[in-house]
Structures are given as structure tokens and as C-alpha cells.
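Residues per chain, in single letters:
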Amino acid sequence: QVQLVESGGGLVQAGGSLRLSCTASGRTFSNYVMGWFRQAPGKEREFLAAISWSATTYADSVQGRFTINRDNANTLYLQMNSLKPEDTAVYYCAAKWYNSGSLPRSEYTYWGQGTQVTVSS
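What comes next is a walk through the structure.

Here we come to the environment of G26. Relative to the helices and strands, G26 is located in the loop between β3 (18–25) and β4 (32–39). Here G26 falls in the exposed class, since its relative accessible area comes to 53%. Along the backbone, G26 and V119 are 93 residues apart, and their C-alpha atoms lie at a distance of 33 Å. If sequence neighbours within four positions are ignored, G26 has contacts with Q1 and V2.

Put into C-alpha cells, the structure is as follows:
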């Protein structure tokens, strides 16, 4: 059974940093792109960043503040710096089979349950 589990969320003051982690199990994700999304109350889920073994891509809203990386096929991170109150949301990791081309920003197959990030002003 495939499972993605996020951790590292919490409460932080504006301008602070957090590092989210995502551990995947149930299969090897070496041929998958992995990504981070978030959903704030009353808003649609938003793509943040994605990573393959050779490339990354970011949403404009987090470019330069957030960094995605993975240290093996099944472990993903999101380093978040210069956090703002509008970054408050539930953050999700996700995975999608990937062969080549542009990194996908939607239609991911596997999802975690999410971790809450709250940024106070």
C-alpha cells in the first residue's frame, strides 16, 4: 500500500523558516516526480514545487523563498524561508509517474494527508 507522510509543520512567526519532510513507502519512487502543494481555507489547492532527479520547478508565489529537494527516491523536503502570513495552509506532498518533458503541476497520483503550517504576523 502506497503511503506518503508529511511532517515538520507548525506555528512560526512571519519571516521565520520551516522545513517540511515527506516520507513515501509502499513502492520505490525512483521513476516518479514528487511535488509539494498547499491549500488554505476557502481556497483551491495550489501547486508549489516539483522535483525529478534532474530538474525542479516552482510556482511564482514561492520562487526564491522555498526550496524543494530529495535525498533518495522516497524522501522529499521543502525548505521554506521568509514565511508570510499568507503562506498559512495545509501542505501536501504528492507523487506522479514521470518519464520525460516538463515537470507536472497537476494530476498527481499519490497524496499525503497534509501537515498544517501557520505563520503569525
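Further remarks concern the environment of V33. Among the secondary structure elements, V33 is positioned in strand β4. Along the chain, V33 and Y98 lie 65 residues apart, while their C-alpha atoms are 5.6 Å from each other. Those residues within four positions of V33 in sequence are excluded, and the remaining contacts are A50, I51, S52, R70, A94, A95, K96, Y98, L103, P104 and Y108.

Calculation notes
Residues numbered from 1 in each chain as written. Predicted model: local features only at pLDDT ≥ 70, side-chain atom pairs only at ≥ 80, totals over all residues. Heavy atoms only, no water. Helix = DSSP H or I, 4+ residues; strand = E, 2+ residues; numbered from the N terminus. Buried < 20%, exposed > 50% of the residue type's maximum accessible area, 1.4 Å probe, protein only. Contact = heavy atoms within 4.5 Å.

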